[in-house]
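A structural walkthrough
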Amino acid sequence: MQKLFFFTFVYFLLFPSISAQQPQKPNAVEIFNQIQKLNFLGSVLYVAAHPDDENTRLISYLCNEKMARTGYLSLTRGDGGQNLIGPELRELLGVIRTQELIEARKIDGGEQFFSRANDFGYSKNPEETLAIWNKEEVLSDVVYIIRKFQPDVIINRFDARSPGTTHGHHTSSALLAIEAFDKVNDASFFPKQLNIVQTWQPKRLFFNTSWWFYGSKDKFEKADKSNLFRLKTGVYYAALGKSNQEIAALSRSRHQSQGFGSTGTRGEEDEYLECLKGSVPKDKTNIFEGIDTTWNRVKDGKAVGELLSAVEKDFNFQNPAASIPDLVKAYAMIQTLDENHWKPIKSEEIKKTIAACAGLYLEAVSEFQEYCPGSALKVKMEAINRSDLPMQLNTIKTFPESTGLFNPLELKNNIANSVNWDIPLPQNTEYTQPYWLKEPGSVGMYRVEDQKNIGMADISRQIKVTFNISINKVSIPFERFVIYKYNDDVKGEVYKPLDIVPDVTTSILDKVAIFNTAKTKTIGVQIQSGKDNITGVLHLELAENWKISPESIPFTLAKKGERQTFYFQISPPKNAAEITAKSYAIVDGRRFEKEQFNINYDHIVKQQILKTAEAKFIKLDIKTGHEKIAYIMGAGDDVPKSLQQMGYEVTLLKPETITAESLANFNVVITGIRAYNILTALAYKQSVLFDFVKQGHTMIVQYNTMDEFVTPNLAPFPLKISRDRVTDENAVVQFLEPNHSVLNYPNKISAKDFEGWKQEQGLYYPSEWDKAFTPILSSSDKGEPAKKGALLIAKYGKGNYIYTGMSFFRELPEGVSGAFRLMANLISLK
């Protein structure tokens, strides 16, 4: 029978904005592919460093053409990258990119894993990377994930033999995978893991090479490939009319925060692999050669394989339910096997296939999207069997409270059954939170105490329901997480995850508050209720030499979700100082000190993050002018908020509205990060902006990447952007023009102003520029020549054009004092 394809992504094509939570309802073609996949017991683990490093073409091919269980281990969650869709950076960006990877795997069919490594930013070599990461801990994670996943084959995205030619994280991922390959089967390495997993030895390890590693497509075409494996991945799946490359493009396009929207291609295409370790197959088109990928690899599994082969052969596309009796029999046979790896994997797969064949729809929906510990969760259960096969719902059990419900109920064909139920949530129910963010980590590592959580991609949700259903006298448990859904007048049925929240959360409105005088400043604190009828006292905790009035504020919130903002008067000390202010509420003698962050984007599942409610208060020796600033937002950043904190009047200006008249009331124009990469309208406004400068004003352009520019005329004089950057935030900064006004007015800039910078000094510096530009600063990473393109200033007419790759978009929201002082000088440049 012709091989058909299980397109998990069909749903995503039809409902892209609500795909993250909608239950799958597979059709006959998709069900048939599930059955085919039941009979393949082989696995591949693809290893790289970041979200978007993975080769989705190869992952899709292995999952859907070869039917292999395929995982992607991204050592980091991409926390150190940039964000094209919003202002979230660092850990919040890591949460977004985590979900983007999960959504990508839903499309290409793979599974997702992570280590505890934190993406601390660009690194130029693996030595630096492994020094900032805890190498031993990351290696332990890689070994643990291999022991748990038990891949037959490992594929590295990057080459361990070429350090310094790419991101240090990239090379490190390859080095760690190779070392893990050698150690994973040795019980003396990380022996505590063996309480949970067992040693394992993959058969071989490959490097997924491509033209990129040869410098050009032409060089790759001419290279000797006789030692390389060649996989023909340009498969066309007739069942849906899609190529493998088109599926891979849909998967890659989930990386929206990184601007990786991709267009699918068609036709023949090859992927090349170099075998680095393990047994080398003779057939250079078959990476599974010599590996038993049938049920014969499981003790007493042969009969299961034979039965599933018969199910595949006799599958009726007009009546998938005809396969249920043999599938149930196969499920029962699998439960008797004395095996602990493939048994649970195939048990879950076959349960999904049985439910799909029967049109068995099981759902548990909560009345609200958020609940507090100790409250009663109101849930509507739905169960419907849409086949002629008799079924009986024996029990419904809920977790974490193991309560049971129900007298046995016959599930008749196409008869809806529902019941409303209150599930008591224990007072110690954990809040919904990314598990890797529960405890503070280090610059290079997240802290995860529970070994069982390591490697897990997503939040571990607790609230679930198990429907125990008998089919042909075989009891099968079907587990469903409790979810929330509602009807939107535009989108229709919208699904969201159920979140457990604190009784009350607080938020200091200004995450960085600048005190540049001794004057008292009003600080707002917002408080939000997680349930009805909350009464308590709000506090703002400061260091002793800071004065606050009032000391506390009583509050009452009548309704769940209600928000109120209260204000404190804060007086700073006389001398310069930086403190961390914390807000908290006391309710019934309990302290609530969390701030709730909700991340809502249509292409990913809604995410809740709970962090300590805090802000940075800075008594800063800074002088600012009274300039009026027009800010043109690029990819998204929080710089305008920081400018307002400095006392400037800031107006967000859309590029389409830029005219000489609209700029007449401003002294300074600032473009946000990547503005010239994404704002097409800027191409038609450059003459207006340059005239603005010529008339005696200042224009500050923040960094742009080397991606396509909307205009070649980025500046009034020739300027060439490069990949130059200084990743060491502590690199010594030299003043090339110490007498220049930008280093002296209105603030005297010194080396101290470059202390305490976060993640990096800057990125995408120009490497070449016209003699009209004056380079102001110079610094470099260890062992590299000085980079002088961080800050370039050119007189143009009566005004100043400034281009800077310095990472103000990171430093200002982090409250780095020197960044504020330097920005004030740029704005007041004479």
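Residues numbered from 1 in each chain as written. Predicted model: local features only at pLDDT ≥ 70, side-chain atom pairs only at ≥ 80, totals over all residues. Heavy atoms only, no water.

Overview of the overall build of the protein chain
We count it as follows: Segments assigned H or I by DSSP are reported as helices when at least four residues long, segments assigned E as strands when at least two residues long, and all are numbered from the N terminus. We compute the radius of gyration over the C-alpha atoms and compare it with the globule rule, which gives 2.2 Å times the number of residues raised to the power 0.38. Here's how the labels work: a residue is buried when its accessible area is under 20% of the maximum for its type, exposed when over 50%, partly exposed in between, all with a 1.4 Å probe on protein chains only. By definition in these notes, contact holds between two residues if any of their heavy atoms fall within 4.5 Å. Calculation of accessible area relied on Shrake-Rupley with a 1.4 Å probe; when residues are assessed, cover is drawn exclusively from the protein chains displayed. Neither His nor the chain ends is counted toward charge; the positive residues are Lys and Arg and the negative residues Asp and Glu. Lysine's charge is taken at NZ, arginine's at CZ, aspartate's at CG and glutamate's at CD.
Counting secondary structure elements, the protein chain contains 17 helices and 44 strands. In terms of C-alpha radius of gyration, the protein chain reaches 29 Å, essentially the compact-globule figure of 28 Å for 830 residues. Referenced to the eigenvectors of the C-alpha coordinate spread, the extents of the protein chain come out at roughly 85 × 75 × 55 Å. Evaluated residue by residue, the protein chain yields a buried proportion of 56% over its 830 residues. Nonlocal contacts in the protein chain, meaning residues at least 24 apart in sequence, comprise 75% of its contacts between residues at least 6 apart. Accessible area of the protein chain: about 34700 Å², with a carbon and sulfur share of 48%. Distance between charge centres in the protein chain, computed from 98 positive and 98 negative side chains, equals 1 Å.

Considerations on the sheet that holds strand 35 (residues 649-652)
Cut-off, in case you're wondering: Strand pairing follows a simple DSSP-based rule, namely that at least 2 bridges must link the two strands. Every axis in this analysis is a line fitted to C-alpha atoms, fitted for helices over the stretch in contact. Angles between the N-to-C directions lie between 0 and 180 degrees.
The seven strands lie next to each other as 35-34-36-37-44-43-41, forming an open sheet whose pairing is mixed. Single-partner strands in this sheet number two, and they are strand 35 and strand 41 (773-775). Each strand of the sheet is rotated relative to its neighbour by a mean of 20 degrees, with strand direction disregarded. The sheet contact formed by strand 37 (residues 698-701) and strand 44 (residues 799-804) spans four bridges and is parallel. Residue pairing for strand 44: Thr698 is matched across the bridge by Asn800. Taken strand by strand, helix 15 (residues 686-694) contacts strand 34 (628-632), strand 36 (668-671), strand 37, strand 43 (791-796) and strand 44, and its axis lies near 120 degrees from that of strand 44. Against the sheet, helix 17 (residues 817-827) touches strand 34, strand 36, strand 37, strand 43 and strand 44, its axis set at about 140 degrees to strand 37.

Brief notes about the packing of aromatic side chains
Filter applied, for reference: In summary, the pairing rule links any two rings of Phe, Tyr or Trp, Trp by its six-membered ring, whose centres are within 6.5 Å, and it sorts them by plane angle into stacked for under 30 degrees, edge-to-face for over 60 and tilted for everything else. Note on geometry: a ring has a charge over it if NZ (lysine) or CZ (arginine) is within 6 Å of the ring centre and within 35 degrees of the ring normal.
A complete count under the given rule lists 28 aromatic pairs for this structure. Between the aromatic rings of Phe717 and Phe773, the centroid separation amounts to 6.1 Å while the plane-to-plane angle is 85 degrees, which identifies the pairing as edge-to-face. One end of the pair, Phe717, is in the loop between strand 37 and strand 38 (719-726); the other, Phe773, is in strand 41, and 56 residues separate them in sequence. A connected cluster of aromatic rings, assembled from ring pairs, spans Phe690, Phe717, Phe773, Tyr796 and Tyr801. The aromatic ring of Phe220 is capped on one face by Lys225, whose charged end is 4.7 Å from the ring centroid. Stacked on the ring of Tyr371, the Lys or Arg Lys560 has its end atom at 5.0 Å from the ring centre.

Concerning the sheet that holds strand 28 (residues 563-571)
Taken together, the four strands give an open sheet; going across it, the order is 22-24-28-26, and neighbouring strands pair in antiparallel fashion. Only two strands of the sheet have a single neighbouring strand rather than two, namely strand 22 (504-508) and strand 26 (547-549). Between one strand axis and the next, the sheet turns by 30 degrees as a mean value, whatever way the strands run. Note: strand 22 against strand 24 (residues 521-529), five bridges, orientation antiparallel. The residue of strand 24 that forms the bridge with Ile508 is Val525.

Things to note about the pattern of salt bridges
In a structure, side chains of opposite charge can pair up when their charged atoms sit close to one another. To keep it simple, the criterion reads: A pair is scored as a salt bridge if a Lys or Arg side-chain nitrogen falls within 4 Å of a carboxyl oxygen belonging to Asp or Glu.
Counted according to the given criterion, the structure contains 43 salt bridges. The partner of Lys183 in a salt bridge is Glu179, with the nearest N and O atoms 2.5 Å apart. One end of the pair is Lys183 and the other is Glu179, both in helix 7 (residues 168-183) and four residues apart, which spans about a single turn. Just as Lys183 is buried, Glu179 falls in that class too. One salt bridge in this structure joins Arg810 and Glu760, with 2.9 Å as the shortest N-O distance. Here the residue Arg810 occupies a position in helix 16 (residues 808-811), and Glu760 occupies one in the loop between strand 39 (734-735) and strand 40 (762-769), the gap between them amounting to 50 residues. Relative accessible area serves as the criterion here: at 4%, Arg810 is assigned to the buried category. Three or more residues joined by partner-sharing salt bridges are found here, namely Lys124, Asp781, Glu784 and Lys787.

Focus on the confidence of the model for the protein chain
Threshold: A residue's pLDDT is the confidence the predictor assigns to it, expressed on a 0 to 100 scale.
Here the protein chain shows a mean pLDDT of 93. Residues at 70 or above account for 97%. Note on residues 1-20: pLDDT under 50 across the span, and 63 contacts to partners over four residues away in sequence or across chains.

A short note on unusual backbone geometry
Note that the residue after Phe399, namely Pro400, is joined by a cis bond; omega there is 15 degrees. Along the polypeptide, Pro400 turns up in the loop between strand 13 (391-399) and strand 14 (403-405). One non-glycine residue, Asp52, adopts positive backbone phi at about 85 degrees. Residue position: Asp52 is located in the loop between strand 1 (43-48) and helix 3 (56-64). Given a relative accessible area of 12%, Asp52 falls into the buried group. Backbone geometry at Arg674 places phi at a positive 65 degrees, although glycine is not the residue there.

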